[in-house]
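# Structural overview
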Amino acid sequence: MGVTKEQVESSLRSKLSPSHLDVVDTSGGCGASFAVEIVSDQFEGKRLLERHRMVNAALVEEMKDIHALSITKALTPEQQLKKQQESEKSQVAI
Amino acid sequence: MSLSLTNLRQSVPSPWSSIRSLPSNFPSQLPFTSAVGGGRPLVSSRTQTLRLRCLSALTPELKTTLDKVVTSEKVVLFMKGTKDFPQCGFSNNVVQILKSLNAPFETINILENELLRQGLKEYSSWPTFPQLYIDGEFFGGCDIVIEAYQSGELQELLERALLS
């Protein structure tokens with residue numbers, strides 16, 4: 001009945017070809033709740049709402065059995081790089 | 001601000017009254033209810049919902065009602081539970097954010113009406129709740145609200161919406 005982390009990952013990989021993907025099963029084992037961090041160049045020029053819609057669309061089959069999907073990050077590779085540089089900078093500053 | 005909101009509410013009472021009274025009279029307004037039930041009395045609302053799920057939950061009537069509801073207030077939140085008693089952590093997050101910003105908002109408890117719940121998923125093209133509408137437009141779910149709150153975008157948008 002539940003969905004596996006691997007199913008979520010494979011759907012996202014095949015549809016959004018992410019350069020970074022982190023899927024965490026937050027359901028405590030029943031497979032009904034996931035948190036997703038995704039970086040994909042397909043998000044280029046898209047607003048956050050559109051990016052979330054793309055993730056939801058990629059998981060349309062899985063969503064039938066998932067009760068809660070938390071998209072904690074949906075970035076373009078460029079944004080991801082910028083964030084990393086910023087966090088490195090702030091670490092240097094400390 | 002409170003004055004203008006009161007005026008707003010008085011000028012558009014119909015969608016609110018119809019949504020508020022949904023649990024008792026809503027399903028009977030749906031034209032295909034009896035057709036789906038094959039003329040037999042429906043055993044329970046649960047059975048009815050399961051049957052209806054095969055069809056589109058978003059009837060033209062529901063769409064018209066929702067068009068009015070999402071524009072009847074500047075900020076409308078479809079959530080699990082109520083403003084004072086959220087029944088889901090994600091819904092609670094959004095309620096707390098809106099409260100902390102002192103934004104006036106209306107909430108609609110989707111747990112009270114399964115048809116509304118299913119129809120809204122199609123209406124917003126969004127699979128989960130909560131769903132936040134600002135100025136009649138779908139803004140996003142919990143993650144988007146949190147991110148927009150942290151970036152300051154939500155505050156800006158709310159200010160603009162509430163002033164307009």
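First things first, this report covers the structure right here in the doc.

Definitions and limits used
- Residues numbered from 1 in each chain as written.
- Chains lettered and ligands numbered in written order.
- Predicted model: local features only at pLDDT ≥ 70, side-chain atom pairs only at ≥ 80, totals over all residues.
- Heavy atoms only, no water.
- Pairing = 2+ DSSP bridges.
- Helix = DSSP H or I, 4+ residues; strand = E, 2+ residues; numbered from the N terminus.
- Axes fitted to C-alpha atoms, helices over the stretch in contact; angles between N-to-C directions.
- Parallel < 35°, antiparallel > 145°, perpendicular 65-115°, else oblique.
- Left-handed = near helix turned anticlockwise from the far one by under 90°.
- Contact = heavy atoms within 4.5 Å.
- Salt bridge = Lys/Arg side-chain N within 4 Å of Asp/Glu carboxyl O.
- Buried < 20%, exposed > 50% of the residue type's maximum accessible area, 1.4 Å probe, protein only.
- Core = buried A, V, L, I, M, F, W, Y, C linked by side-chain atoms within 4.5 Å.

### Thoughts on the sheet that holds strand β1 (residues 75-79) of chain B
Residue and element names in this part refer to chain B.
- Spatial ordering of the open sheet is given by β2-β1-β3-β4, a layout of 4 strands whose pairing is mixed. Two strands in the sheet have a free side with no partner beyond their single neighbour: β2 (106-109) and β4 (137-140). Between one strand and the next, the sheet's axes are offset by a mean angle of 25 degrees, whatever the strand orientation.
- Sheet topology note: the β1/β2 ladder contains 4 bridges and is parallel. Within β2, the residue paired with Val-76 across the bridge is Glu-106.

### Things to note about the packing of helix α1 (residues 5-16) of chain A against helix α2 (residues 48-58) of chain A
Residues and elements named next belong to chain A.
- Two numbers describe how α1 lies on α2: the axes approach to 9 Å, and their chain directions differ by 120 degrees. Classified by the angle their axes make, α1 and α2 are oblique. Crossing of α1 against α2: the hand is right-handed. Contacts between α1 and α2 involve Ser-11, Leu-12, Lys-15 and Leu-16 from the first element and Met-54, Val-55 and Ala-58 from the second.

### Some words on the pattern of salt bridges
Residue and element names in this part refer to chain A.
- Scanning the entire structure with this criterion turns up 7 salt bridges over all chains.
- The salt bridge involving Arg-47 is made with Glu-50; its shortest N-O contact spans 3.8 Å.
- On the basis of relative accessibility, which here comes to 33%, the residue Glu-50 falls in the partly exposed class.

### Observations regarding the nonpolar core
- Ranked by internal contacts, the top residues of the largest apolar core, which has 37 residues, are Phe78(B), Leu132(B) and Leu154(B).
- Counting only elements with at least two residues in this core, the list comes to α6 (60-72), β1, α7 (89-100), α8 (114-124), β3 (131-134), β4, α9 (142-151) and α10 (153-163) of chain B.
- Tallying contributions element by element places β1(B) first for this core, with 5 residues.
- Contact partners of Leu132(B), with chain neighbours within four places excluded, come to Val75(B), Val76(B), Leu77(B), Leu98(B), Glu137(B), Phe138(B), Phe139(B), Gly140(B), Val145(B) and Leu154(B).
- If you look at the next biggest cluster of nonpolar residues, it comprises 19 residues, including Leu12(A), Val23(A), Phe43(A) and Leu69(A).

### Considering unusual backbone geometry
Residues and elements named next belong to chain B.
- In this structure, the amide linkage connecting Phe-129 to the following residue, Pro-130, adopts the cis form with an omega of 10 degrees.
- Even without being glycine, Asn-102 reaches a positive phi, approximately 55 degrees.
- The residue Asn-102 is located in the loop between α7 and β2 in this model.
- Residue classification places Asn-102 among the exposed positions, given a relative accessible area of 68%.

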